[in-house]
Amino acid sequence: MAPEKKKRRRAITDTSDSDSDNAKTKSKPHKKNLNSDAAILKTLETLLANEQTQASTSNSKPLTLSDLSLSSTCREVADLPLSSVQSNIETLILSLARSILSGRGFSFSVPSRSAANQLYVPQLDRIVLKDKASLRPYAAVSTVRKTTITTRILQLIHQLSLKNIHVTKRDLFYTDVKLFQDQTQSDAVLDDVSCILGCTRSSLNVVAAEKGVVVGRLIFSDNGDMIDCTKMGMGGKAIPPNIDRVGDMQSDALFILLVEKDAAYMRLAEDRFYNRFPCIIVTAKGQPDVATRLFLRKMKMELKLPVLALVDSDPYGLKILSVYGCGSKNMSYDSANLTTPDIKWLGVRPSDLDKYKIPEQCRLPMTEQDIKTGKDLLEEDFVKKNPGWVEELTLMVKTKQKAEIQALSSFGFQYLSEVYLPLKLQQKDWL
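Here's a quick rundown of the structure. (Residues numbered from 1 in each chain as written. Predicted model: local features only at pLDDT ≥ 70, side-chain atom pairs only at ≥ 80, totals over all residues. Heavy atoms only, no water.)

To continue, consider empty space enclosed by the protein. Rolled over the atoms, a probe with the dimensions of a water molecule shows which regions are left empty. Enumeration according to the criterion identifies one cavity of 30 Å³ or more in this entry. The volume enclosed by the largest cavity comes to roughly 100 Å³. Surrounding the largest cavity, Arg-201, Ser-202, Val-206, Val-207, Ala-208, Ala-209, Pro-241, Ile-243, Asp-289, Val-290, Ala-291 and Leu-294 form its lining. Breaking the lining of the largest cavity down by element, the ones donating at least two residues are strand S7 (206-207) and helix H10 (290-303). With three residues, H10 is the largest single contributor of residues to the lining of the largest cavity. Of the residues belonging to the lining of the largest cavity, the class tally is nine nonpolar, one polar and two charged. (1 Å grid on protein atoms, 1.4 Å probe; cavity = no way out; pocket = protein on both sides within 12 Å on 5 of 7 lines; lining within 4 Å. Points joined across faces, edges and corners; volume = space filled by probe spheres on them. Helix = DSSP H or I, 4+ residues; strand = E, 2+ residues; numbered from the N terminus. Nonpolar A, V, L, I, M, F, W, Y, C, P; charged D, E, K, R; others polar.)

Right, let's get into the sheet that holds strand S3 (residues 118-121). Backbone-to-backbone hydrogen bonds join strands into a sheet, with any given pair of strands oriented parallel or antiparallel. Across the sheet, which stays open at both edges, the three strands sit in the order S1-S4-S3 with antiparallel pairing between neighbours. Since the sheet does not close on itself, it has two edges, and those belong to strand S1 (74-75) and S3, each with one partner. Sheet topology note: the S3/strand S4 (residues 126-130) ladder contains four bridges and is antiparallel. Note on S4: the bridge partner recorded for Val-121 is Arg-126. (Pairing = 2+ DSSP bridges.)

With that settled, the discussion passes to the pairing of S4. In terms of residue burial, S4 counts as a mostly covered element, since four of its five residues are buried. Relative to S4, S1 runs antiparallel, the two being bridged by two bridges. Bridged to Arg-75 within S4 is Leu-129. Here S3 hands over to S4 after four residues, with Asp-125 in that stretch at a positive phi of 55 degrees. (Buried < 20%, exposed > 50% of the residue type's maximum accessible area, 1.4 Å probe, protein only.)

To continue, consider the packing of helix H11 (residues 315-326) against helix H16 (residues 387-399). With their axes 11 Å apart at the nearest point, H11 and H16 run at an angle of 155 degrees to one another. The angle between H11 and H16 places the two elements in the roughly antiparallel class. Every residue of H16 that contacts H11 at Pro-315, Leu-318, Leu-321 and Ser-322 is listed here: Trp-389, Leu-393 and Met-396. (Axes fitted to C-alpha atoms, helices over the stretch in contact; angles between N-to-C directions. Parallel < 35°, antiparallel > 145°, perpendicular 65-115°, else oblique. Contact = heavy atoms within 4.5 Å.)

The subject of this paragraph is the packing of aromatic side chains. For the coordinates displayed, the defined rule picks out nine aromatic pairs. Ring geometry for Phe-173 versus Tyr-174: centroids 5.1 Å apart, planes at 65 degrees, classification edge-to-face. Since its relative accessible area comes to 51%, Tyr-174 is described here as exposed. Arranged with centres 5.4 Å apart and planes meeting at 70 degrees, the rings of Phe-220 and Phe-295 form a pair that is edge-to-face. Residue Phe-220 is located in strand S9 (residues 219-222), and its partner Phe-295 is located in helix H10; the two are separated by 75 residues in the primary sequence. Residue Phe-220 is classed as buried on the basis of its relative accessible area, which comes to 0%. (Phe/Tyr/Trp six-rings, centres within 6.5 Å; stacked < 30°, edge-to-face > 60°.)

Printed below as a string of structure tokens:
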């Protein structure tokens, strides 16, 4: 009798193991559809080859505004040396002094950065600033304070150009807290000053605090020090706020993975996703900052790598993606330096919610503001240009559902790196 009991016990154990395997398969949808890593790597090698072929066959000189015959006059800024910035400020102040001495008072002609003064140029696939400007007179109650702030910012930038030093936007704000009152006010006028002087914000030697991070198959020099981003731990390397410090980029990556959220970035970094599928992983931890946008563009242009984006399945994820690709309306005057062409939308897309069987409890209902933002995006020319984006965004607005990248964790914390992204790459499922 005893041997029979042992057999029965073994049979029960075998059955439970089989059930466990079935449960694992069900808990990780599509895992059984994955090919070998070697097969997926061949797909990525083809993607890289196509990218490099496209880069080599395209014109050596990129298309610029001056090459186009647009119906509207547009303006763009340029990278200027400190001596030119200093000279431009001095010329401007001299003209204001002459205006005061002639009895006309003084005012700044400030390019308008309103939505009505923006233009999407399909040939360049980015937003540019049109030529409309408004006067900011000192002798008007409505503009006297902003004119004073503009003059003060010009004075501070002139000091920086003389000393050849960099400061953060926060440093700039604390030089005159009583006048500026709030950093958003000094930041906004700083952008105005860039437009007035015709230079990039980087040319003013004012930078934002470090925000973005990068990890993976990238080696570059940071102010002379060689940085290997495979040896920076899970946290990665902070992207230098001054792009002039960055040089000598080297990589054996097959692609760049642009990630919206810090949480998804940390998951991929800890899982060493970049070793399984050679890539560079970069994130701005939410809204794109200038340094991350400059760094991404530099990687794309110098390394000739395809860029794949992983963002939340909501209107704001797509807005963030569009800022990297087409530029922001707030800084459209510098879109030539801040935009990265041909970013592919890898996920998470609205169609993925059903395709990957995202549980209902992990989907969020869109608010009225979300729906309005989605509908507004559908009216944007840079969205209309891509039929795939229109289809996905229309589906999102229709279903009124959104989801974060972390919704994939409902199938396991490593589902993102072990199943979702490999399958996306295998199927070339990007837009």
